[in-house]
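# Commentary on secondary and tertiary structure
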Amino acid sequence: MDCTITKRHCHWHERLIVGWFSRFIIGLMLVAVLPGLLMWGVTGFMTPDLSKLNSLVGVTLAYLGSFFTLRRLMGFPGARSAMYIFPTVVVWYGILVGVLFSFRLNYSVYYITYTTLANLAFCFLSYFFIVRHLGQKIAYVPLGKATNINFLEGVNWVKLTQPNLHGDRVDAVVADLHAEIPDEWERFLARCTLAGVPVYHYKQVMESVTGRVKIEHLSENDFGSLQPPVIYSFCKRILDIFAVLLTAPITVPIMLLTAIIVKLDSPGPALFIQNRVGQGSKDFKIYKFRSMRQDSEAGGAQLAQPNDMRVTRVGKFIRKTRLDEFPQFFNVLKGDMSLIGPRPEQRAFVDKFEEEIPFYIYRHVVKPGITGWAQVVHGYASDADDTRIKIQHDFYYIKNFSFWLDMLIVYKTVRTILTGFGAK
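For the structure given in this document, a descriptive report is provided here. (Residues numbered from 1 in each chain as written. Predicted model: local features only at pLDDT ≥ 70, side-chain atom pairs only at ≥ 80, totals over all residues. Heavy atoms only, no water.)

### A short note on the pairing of strand S6 (residues 283-289)
Taking burial as the measure, the seven residues of S6 include five buried ones, the bulk of the element. The antiparallel hairpin formed by strand S5 (residues 271-277) and S6 contains five residues in its connecting segment, where Gly280 sits at a positive phi of about 75°. (Buried < 20%, exposed > 50% of the residue type's maximum accessible area, 1.4 Å probe, protein only. Helix = DSSP H or I, 4+ residues; strand = E, 2+ residues; numbered from the N terminus. Pairing = 2+ DSSP bridges.)

The structure is reproduced here in structure tokens:
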């Protein structure tokens, strides 16, 4: 192997798998085994009764669930944050306790409590030392459209001035693989691949870091069949209905209270009904709590602006906390919308954006959502340029249409509702 790729770079994938598997085993020992040994001793741990066995098996499954869920979530842009650790671990242990309680199985409350704390501690320490301390270190070939890719934040960039890694540890190499690059760089990238160092096209990395997919020409479309997974679309519909009905005892009283406050705050109806464009570019009636004055669109449809004077006092609060979207749970039950997806727009804006933004209509390939990827990472769009960026976020969602990305969006949405943080 050429000296430009040292032995430190060989078998990169094997080392990655070993590191991941080692972290998994260490966590399992610290979370499930160590608390059991400290509580019951070696003899009691090796000869468990039914209560201990149920607890051990349940905790192991909860650890597996939280470990793999966090591993998948941390792979999305904007998800390298410790804020996802606590809700993920708590949800999995909540499921564990719910199953044990529902089936009236014997279990150790103290053991489950200790392992929950141990799991949280392990996840936070892993995050600090691996995600925050080490970070991603990516080398890039400064040729073609990858010349200025180092402007992207969240990555430790290493600019390669020669086709040589000089023994540096890097997680990957980025290049514009469609550009005309010298032969020595082509050979260098080939040697990196043979040595197990991942080589990515610059567009893949831009999508991964920014959470946006840019599409300007048909030839640049890399969505494959252009259709999201049919099986997950069907499962998602079932999950939507189940989630709406399950949360109804909480959301219905909140909606009643919000309707009363909106009605008392300003003249006009509490509910705002408007035509929007949904899946397949078909129109439907969307329900929202009114957040603007009754005559806000007397002069025609307008995009909401920052500090929009049409927004009422209560409207500012319910828009920031997304309470104005709650009536759309009825749209979900009707099948017009999903809980998660691109936000539906008015027909006037859709017709305009179709002329200005290439591939705009493609966002209608999935059901519109109450919340979505563009909504939680970007916020409201105030003009065509802002909408263009939101569309790129929508394309990213459609391209990465999955249960795991939906989970991340739910986390971000709940945080916005509870704290207002992240809302625009």
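### Concerning the nonpolar core
Among the nonpolar cores identified, the biggest contains 70 residues, and Val59, Ile85, Tyr93, Trp373, Tyr397 and Leu405 are the most heavily contacted of them. When residues no more than four places from it in sequence are discounted, the contact partners of Val59 are Val31, Ala32, Tyr93, Leu96, Tyr111, Ile112 and Thr115. If you look at the next biggest cluster of nonpolar residues, it comprises 15 residues, including Ala139, Ala179, Leu189 and Cys192. (Core = buried A, V, L, I, M, F, W, Y, C linked by side-chain atoms within 4.5 Å. Contact = heavy atoms within 4.5 Å.)

### Some words on the packing of aromatic side chains
Applying the stated rule across the entire model yields 19 aromatic pairs. With 6.5 Å between their ring centres and 55° between their planes, Tyr63 and Phe122 make a pair best called tilted. Separated by 59 residues along the polypeptide, Tyr63 in helix H2 (residues 50-73) and Phe122 in helix H4 (residues 109-134) bring together distant segments of the chain. With centroids separated by 5.8 Å and ring planes inclined at 90°, the aromatic side chains of Tyr140 and Trp157 adopt a geometry described as edge-to-face. Placement of Tyr140 in strand S1 (residues 137-140) and of Trp157 in strand S2 (residues 156-159) is noted, with a sequence separation of 17 residues between them. Across the pair, Trp157 and Tyr140 agree in class, each one buried. Chaining the aromatic ring pairs together yields one cluster made of Phe24, Tyr63, Phe67, Phe68 and Phe122. (Phe/Tyr/Trp six-rings, centres within 6.5 Å; stacked < 30°, edge-to-face > 60°.)

### Focus: the environment of Ile340
Along the chain, Ile340 turns up in strand S7 (residues 338-340). Between the C-alpha atom of Ile340 and that of Pro368, which follows or precedes it by 28 residues, the distance is 7.1 Å. Once residues lying within four places of it in the same chain are set aside, the contact partners of Ile340 are Lys236, Lys367, Gly369, Ile370, Thr371, Gly372, Tyr397, Asp406, Ile409 and Val410.

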